[in-house]
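Chains, contacts and geometry: an overview
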2 protein chains.
Amino acid sequence: MARAEIITIGTEMLLGQLVDTNTAEIARALFEIGVDVHRETSVGDNEVRIAVAVREGLARAEIVICAGGLGPTVDDMTRGAIAAAVGVPLTVDEPSMRHLEALFARLDRPMAENNRVQAHFPQGAAVFENPHGSAPGFVIEHEGRAILALPGPPRELFPMLRDHAIPWIEGRFEPDAAFVTRVLRTAGVGESDLDARIADLFREQKNPTIAMLAHPGLVDVKLTAKAETRAGAAAMIDELEPVVRARLGDCIYGVGDVSLAGVIGDQLRSLALTLAVGESCTGGQLGAAFVAVPGASDYFHGGCIAYADQAKTSLLGVSPDLIERFGAVSEAVAAAMALGAQAALGADVALSTTGVAGPGGGTAEKPVGLVFVGMALPGGSVRVRRLDWPGSRDAIQRRAVIAALTMLWRELAIRPAARG
Amino acid sequence: MARAEIITIGTEMLLGQLVDTNTAEIARALFEIGVDVHRETSVGDNEVRIAVAVREGLARAEIVICAGGLGPTVDDMTRGAIAAAVGVPLTVDEPSMRHLEALFARLDRPMAENNRVQAHFPQGAAVFENPHGSAPGFVIEHEGRAILALPGPPRELFPMLRDHAIPWIEGRFEPDAAFVTRVLRTAGVGESDLDARIADLFREQKNPTIAMLAHPGLVDVKLTAKAETRAGAAAMIDELEPVVRARLGDCIYGVGDVSLAGVIGDQLRSLALTLAVGESCTGGQLGAAFVAVPGASDYFHGGCIAYADQAKTSLLGVSPDLIERFGAVSEAVAAAMALGAQAALGADVALSTTGVAGPGGGTAEKPVGLVFVGMALPGGSVRVRRLDWPGSRDAIQRRAVIAALTMLWRELAIRPAARG
């Protein structure tokens with residue numbers, strides 16, 4: 001099996017200003033195609049140090065993947081360092097230069113002279129296009145080994161890794177083991193509860209393995225199998241998945257690359273229902289979670305960000321008496337906000353949030369972290385869930401969004417689909 | 001000045017199952033006491049590979065800090081690897097053994113035999129106590145250089161780093177320098193434009209140094225000075241900052257730990273103005289950016305997420321004729337949405353967004369990435385900015401939010417403050 005090393009490049013990492021998330025992403029992608037990673041190295045924006053690290057990596061591994069240092073500025077030195085490491089000059093790639101010129105023309109901005117360095121590559125390199133930024137990547141072969149260079153920003157690196165780097169490595173090195181990973185996504189269950197439900201499987205299973213990855217309010221359960229072929233590994237996962245589902249059953253909202261808001265979107269589409277939101281403490285984050293999903297216009301009408309009490313009344317029709325009597329952060333107001341959003345947007349279902357996100361504004365009776373999440377359903381019924389979690393403002397807002405999504409997902413999961 | 005290397009140990013990192021946050025924490029702590037980090041290496045749980053990495057680090061740096069591999073299990077190999085790297089045996093440290101026994105007695109759990117390895121250290125090592133777990137750390141000197149070993153879990157590593165490792169290094173290597181960093185935050189200028197404005201300073205300045213860190217739509221310019229004392233370093237920054245400001249001047253929105261939405265909040269508060277939003281393609285993200293700032297209720301009334309055309313009309317009073325004639329993604333509709341949000345929320349100023357976030361829905365005339373950002377000002381005047389950037393749905397939405405924030409920040413920056 002081919003071995004790889006990863007070299008991440010950037011002085012910010014060595015100054016502690018940036019946490020390196022690229023290594024984990026690259027390592028995971030290599031793992032899935034059966035490539036072993038034995039070492040990762042970070043070096044600063046220094047041409048000699050980068051070149052030395054590349055040479056050292058080539059002495060130990062067939063594949064060296066560099067991340068970072070492909071930008072247009074004087075401290076972007078990866079191109080020159082790799083050229084030096086393999087002893088070739090830098091040359092201009094005309095298609096990349098034309099791509100750069102077209103990009104700046106579309107932005108209607110003059111292209112600064114220093115941007116041109118992004119169309120220079122070590123002689124003999126094959127270029128990886130970058131639709132998400134101005135820095136193309138590349139691969140160059142040297143004495144039967146390969147050096148790949150990818151841009152540092154994750155939004156550029158991740159797609160280039162999946163679309164270009166990994167397919168290139170698979171084609172060139174013909175991996176002899178295949179790994180298949182399947183992620184079961186759960187909502188509404190804490191990590192330790194989940195752990196208790198599958199602890200024995202977790203310990204006994206060596207292949208496939210089971211791992212848990214907790215996000216705020218959501219936990220992913222990852223099954224990974226190794227076999228000679230992808231089909232063989234997939235069959236092993238197919239066998240284990242029902243066993244895990246039997247334990248976790250009703251809290252799995254999806255498999256693989258799906259979001260909870262996206263799954264709700266599919267539910268709404270198949271039930272032919274439309275959606276609105278009325279947000280106070282989440283300030284638009286809940287709406288943004290729905291609008292992050294392509295095609296949300298099929299079911300999402302919109303919503304009201306009723307942050308001030310006055311806006312709760314004027315936009316959502318919440319009676320000032322209700323606010324006076326129960327307070328803006330209350331079960332009654334959350335219910336009225338959900339019903340108000342449903343009516344104002346003419347939607348079938350609506351979600352609402354109102355809470356004390358802090359750090360100020362908490363009282364003994366209504367502490368920071370107290371949040372009410374409301375849900376209005378067709379026919380005028382309404383439900384409210386009370387959350388009371390301490391945490392930072394950001395954490396309280398994010399958990400409120402997840403709680404609202406989880407509430408709606410569960411409700412829709414038990415409804416029969418609309419007739420075609 | 002002493003140089004250091006960091007070695008993080010753990011197969012999970014090389015499988016991509018864990019993002020390494022320890023390196024950034026260690027690097028930041030070393031930076032603050034004037035120790036340079038030139039390289040970071042990650043290796044798996046393999047005694048030989050750890051020992052080789054330690055020897056390589058010792059050849060380049062006076063200080064090698066290892067993180068991870070101090071637990072009680074068979075794959076915790078850092079103790080043995082460091083002993084092998086410096087050619088000494090492992091010996092028992094009696095106080096550590098008693099500490100371990102006391103820990104398990106307190107937990108009321110029998111101590112498994114393998115836990116005893118946590119009281120073994122390379123001969124000659126000084127032990128760092130671990131009040132947060134069972135794995136003590138240690139430091140061992142070898143030929144005038146030092147190897148420190150810290151536990152991998154951040155909740156154990158971070159306190160041991162601050163309380164033991166850093167003080168030990170300061171005492172042993174008597175750092176001869178202090179560093180001060182100041183970050184100037186800019187909006188509305190691309191990384192390459194900014195680079196062109198300060199490229200000469202960037203190249204000439206060795207101390208303080210100037211570095212740039214690009215986020216989508218925003219670029220940070222970081223000044224770092226080194227001197228014998230913190231006061232001396234701060235004075236050097238004070239001298240350089242006006243020179244950089246003269247070049248970048250009008251695009252600096254803040255210094256240090258501030259957000260653009262937070263700075264706008266301060267502007268609104270001092271101008272005694274209130275704010276509303278009317279969002280289509282950003283779906284609530286713009287409102288959420290404002291509500292992320294503590295105390296936003298002082299000026300932020302709320303907004304409308306007018307995703308469906310119908311909602312643009314019912315919530316924001318955009319005339320159906322306007323939508324029919326110019327399309328929902330148009331300068332006219334962005335202007336009407338901003339005015340509508342201003343009126344519906346009774347706010348002094350309002351921002352709006354409408355665009356094609358993709359990936360579907362683009363046409364030749366209105367491609368994916370076309371966004372109009374509107375701003376309504378007191379007195380009924382309104383401005384619209386047209387953006388046309390390619391990118392993912394997520395990137396287009398985030399850039400639209402930044403563009404709206406930048407537009408308002410600039411407008412408010414030129415207004416005189418409200419009379420007290």
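Residues numbered from 1 in each chain as written. Chains lettered and ligands numbered in written order. Predicted model: local features only at pLDDT ≥ 70, side-chain atom pairs only at ≥ 80, totals over all residues. Heavy atoms only, no water.

1. So, the overall build of chain A
From N to C terminus, chain A includes 14 helices and 17 strands. Across its three principal axes, chain A shows a C-alpha extent of roughly 80 × 55 × 50 Å. The buried share of chain A, taken over its 420 residues, is 55%. The average position of the 38 basic charges and that of the 50 acidic charges among the side chains of chain A differ by 4 Å. (Helix = DSSP H or I, 4+ residues; strand = E, 2+ residues; numbered from the N terminus. Buried < 20%, exposed > 50% of the residue type's maximum accessible area, 1.4 Å probe, protein only. Lys, Arg positive; Asp, Glu negative; His and termini not counted. Charge placed at Lys NZ, Arg CZ, Asp CG, Glu CD.)

2. Thoughts on unusual backbone geometry
Keep in mind that most residues, glycine aside, have a negative phi and that most peptide bonds are trans. With omega at 5°, the peptide bond leading from Asn 207 of chain A into Pro 208 of chain A counts as cis. Mapped onto the elements, Pro 208 of chain A comes out in the loop between α7 (191-204) and β10 (209-215). For the peptide bond that leads from Gly 358 of chain A to Pro 359 of chain A, omega is 0°, which places it in the cis range. Its place among the elements puts Pro 359 of chain A in the loop between β15 (349-355) and β16 (370-376). Unusually for a residue other than glycine, Ala 272 of chain A sits at a positive phi of about 55°. By secondary structure assignment, the location of Ala 272 of chain A is in the loop between α9 (260-271) and β13 (275-279). Although it is not a glycine, Glu 143 of chain B sits at a positive phi angle of roughly 50°. Counting through the fold element by element, Glu 143 of chain B comes out in the loop between β7 (137-142) and β8 (145-150). By relative accessible area, which is 71% here, Glu 143 of chain B ends up exposed.

3. Some thoughts on the environment of Met 375 of chain A
Residues and elements named next belong to chain A. Tracing the backbone shows Met 375 in strand β16. Sequence spacing of Met 375 and Thr 353 is 22 residues, and the spatial spacing of their C-alpha atoms is 9.2 Å. Residue contacts for Met 375: discarding those within four places in its chain leaves Ala 338, Ala 350, Leu 351, Ser 381, Val 382, Arg 383, Met 407, Leu 408 and Glu 411. (Contact = heavy atoms within 4.5 Å.)

4. Some words on the side chain of Asp 76 of chain A
Residue and element names in this part refer to chain A. Among the structural elements, Asp 76 can be located in the loop between β3 (63-67) and α4 (78-86). No salt bridge is formed by the buried Asp 76, whose closest oppositely charged neighbour, Arg 79, lies at an N-O distance of 5.6 Å. Polar contacts involving the side chain of Asp 76 include one to the main-chain amide nitrogen of Gly 71, which spans 3.2 Å. If we skip the residues at most four places from it in the chain, Asp 76 touches Gly 69, Leu 70 and Gly 71. (Salt bridge = Lys/Arg side-chain N within 4 Å of Asp/Glu carboxyl O. Polar contact = N/O pair within 3.5 Å; in protein donor to acceptor, adjacent residues only side chain to side chain.)

5. Structural notes on the side chain of Thr 186 of chain B
Residue and element names in this part refer to chain B. Examined against the element boundaries, Thr 186 turns out to sit in strand β9 (residues 178-187). Side-chain polar atoms of Thr 186 contact the backbone oxygen of Val 219, separated by 2.7 Å. If near-sequence neighbours (up to four positions away) are discounted, Thr 186 is found in contact with Leu 194, Leu 218, Val 219, Val 221, Leu 248, Cys 251, Ile 252 and Tyr 253.

6. Comments concerning the interface of chain B and chain A
Many analyses report the size of an interface as the accessible area lost when the parts associate. Facing 76 residues of chain B, the contacting portion of chain A comprises 74 residues. The tally of links from chain B across to chain A stands at four salt bridges. Put simply, Arg 60 of chain B and Glu 56 of chain A hold a salt bridge, and the shortest N to O gap is 3.7 Å. Summed over the shared surface of chain B and chain A, the result is 26 residue pairs in polar contact (both at pLDDT 80 or more). Per-class residue counts for the side of chain B that touches chain A are 40 nonpolar, 20 polar and 16 charged. Bridging between strand β2 (residues 36-43) of chain A and strand β2 (residues 36-43) of chain B involves five bridges; their strand directions are antiparallel. Residue Thr 41 of chain A lies in a different strand from β2 of chain B, and its bridge partner there is Thr 41 of chain B. (Nonpolar A, V, L, I, M, F, W, Y, C, P; charged D, E, K, R; others polar. Pairing = 2+ DSSP bridges.)

These values are about where atoms sit, not about what they do.
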